[in-house]
Amino acid sequence: MVTFPLDISAQWHQNFTQLNSVQSEWLLETGSLTAKLKQTFSQFSVRVLSEKHITLSAQQANVLGADQQTALCREVILYGDEKPRVYAQSWIPLEQLTDNSMFLNLGERPLGEFIFQHPNLVREDLMITQFSGSAQLHSLLQDLSLEIADVAARRSVFHLADLKLMVCEAFLPGAFE
């Protein structure tokens, strides 16, 4: 049984030398991952796993520079050609959602499709990690009928006017095929 939100605590870094060329192509993509998935696969869809208010850990609050300790956490699976490709988790501090209620009504629409439309979008540096042995992530892989394997992930903080949000994208086994 998978419990959401998944714990994505890890040693995040900017050392990209251990990535192979295919991983680099996907993990270091600076544009919209949604757009890249739509270009790569003939079918694209989003499945919402969870959307709830969470209490940020000290590390999460620090990453977001948030004073308030509560955020909206949205977790989805991005599918390409009906195969689960990416597990994505986003955090938006609740104090910022008052004037940005569009984030509360995304439904099956991908977040990336929305934020990359705004010309004033700024992305902080990409951070990457490798999840190996994560019990929670392994439970998700089992639920999705995927092989249990290490999972490469990336994390970014985005600024959209006064809104600051964090997005983590974990590339599931077979994501690049």
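Cut-offs applied
- Residues numbered from 1 in each chain as written.
- Predicted model: local features only at pLDDT ≥ 70, side-chain atom pairs only at ≥ 80, totals over all residues.
- Heavy atoms only, no water.
- Helix = DSSP H or I, 4+ residues; strand = E, 2+ residues; numbered from the N terminus.
- Rg over C-alpha atoms; globule rule 2.2 N^0.38 Å.
- Buried < 20%, exposed > 50% of the residue type's maximum accessible area, 1.4 Å probe, protein only.
- Contact = heavy atoms within 4.5 Å.
- Areas by Shrake-Rupley, 256 points an atom, 1.4 Å probe, with all protein chains shown as cover.
- Core = buried A, V, L, I, M, F, W, Y, C linked by side-chain atoms within 4.5 Å.
- Pairing = 2+ DSSP bridges.
- Phe/Tyr/Trp six-rings, centres within 6.5 Å; stacked < 30°, edge-to-face > 60°.

A. Quick look at the overall build of the chain. When helices and strands are tallied, the chain shows 5 helices and 7 strands. Put simply, the chain runs from its N terminus to its C terminus through helices and strands in the order α-α-β-α-β-β-α-β-β-α-β-β. By the compact-globule yardstick of 16 Å for 177 residues, the chain fits well, its C-alpha radius of gyration being 15 Å. Overall, the chain is about 40 × 30 × 30 Å in size when its C-alpha atoms are taken along their principal axes. For the chain, buried positions account for 50% of its 177 residues. Of all intrachain contacts in the chain linking residues separated by at least 6 positions in sequence, the fraction that spans at least 24 positions is 68%. When the accessible surface of the chain is split by element, carbon and sulfur atoms take 47% of a total near 8700 Å².

B. A look at unusual backbone geometry. With omega at 0°, the peptide bond leading from phenylalanine 4 into proline 5 counts as cis. Here proline 5 shows up in the segment before helix 1 (21-27). Look at aspartate 81: it is not a glycine, yet its phi comes out positive at around 50°. Mapped onto the secondary structure, aspartate 81 falls in the loop between strand 2 (70-80) and strand 3 (83-93). One non-glycine residue with positive phi stands out, namely serine 145, at about 60°. Secondary-structure assignment places serine 145 in the loop between helix 5 (135-143) and strand 6 (151-160).

C. Representation of the nonpolar core. Leu56, Ile77, Tyr87, Trp91, Leu140 and Met166 are the most contacted members of the largest nonpolar core, which totals 31 residues. Sorting elements by how many residues they give to this core places strand 2 first, with 4 residues. Ignoring any residue separated from it by four or fewer positions in sequence, one finds isoleucine 77 in contact with Ser45, Val46, Arg47, Leu49, Pro84, Val86, Tyr87, Leu140, Leu144 and Leu172. Listed in part, the 15 residues of the second largest apolar core include Leu33, Phe41, Val76 and Ala175.

D. The arrangement of the pairing of strand 6 in detail. Here strand 6 lies mainly inside the structure; 9 of its 10 residues are buried. Judged from the 3 bridges that link them, strand 4 (residues 121-123) and strand 6 form a sheet pairing that is antiparallel. In the strand pairing of strand 6, arginine 123 is matched with phenylalanine 158. Where strand 5 (residues 127-131) and strand 6 come together, 5 bridges link them in antiparallel fashion. Within strand 6, the position partnered with glutamine 130 by the bridge is alanine 152. The loop that links strand 6 with its antiparallel partner strand 7 (residues 163-171) comprises 2 residues; one of these, alanine 161, has a positive phi angle of about 55°.

E. Structural view of the packing of aromatic side chains. Applying the stated criterion across every chain, the model contains 5 aromatic pairs. Pairing phenylalanine 116 with phenylalanine 158 gives two aromatic rings, centres 5.8 Å apart and planes at 80°, and the pair type is edge-to-face. You can see phenylalanine 116 sitting in the loop between helix 4 (111-115) and strand 4 and its partner phenylalanine 158 sitting in strand 6, a full 42 residues away along the chain. Among the residues examined, phenylalanine 158 registers a relative accessible area of 2% and is labelled buried. Taking the centre distance of 5.6 Å and the plane angle of 25° together, the rings of phenylalanine 171 and phenylalanine 176 count as stacked.

Function-wise, these values are silent; they only describe arrangement.
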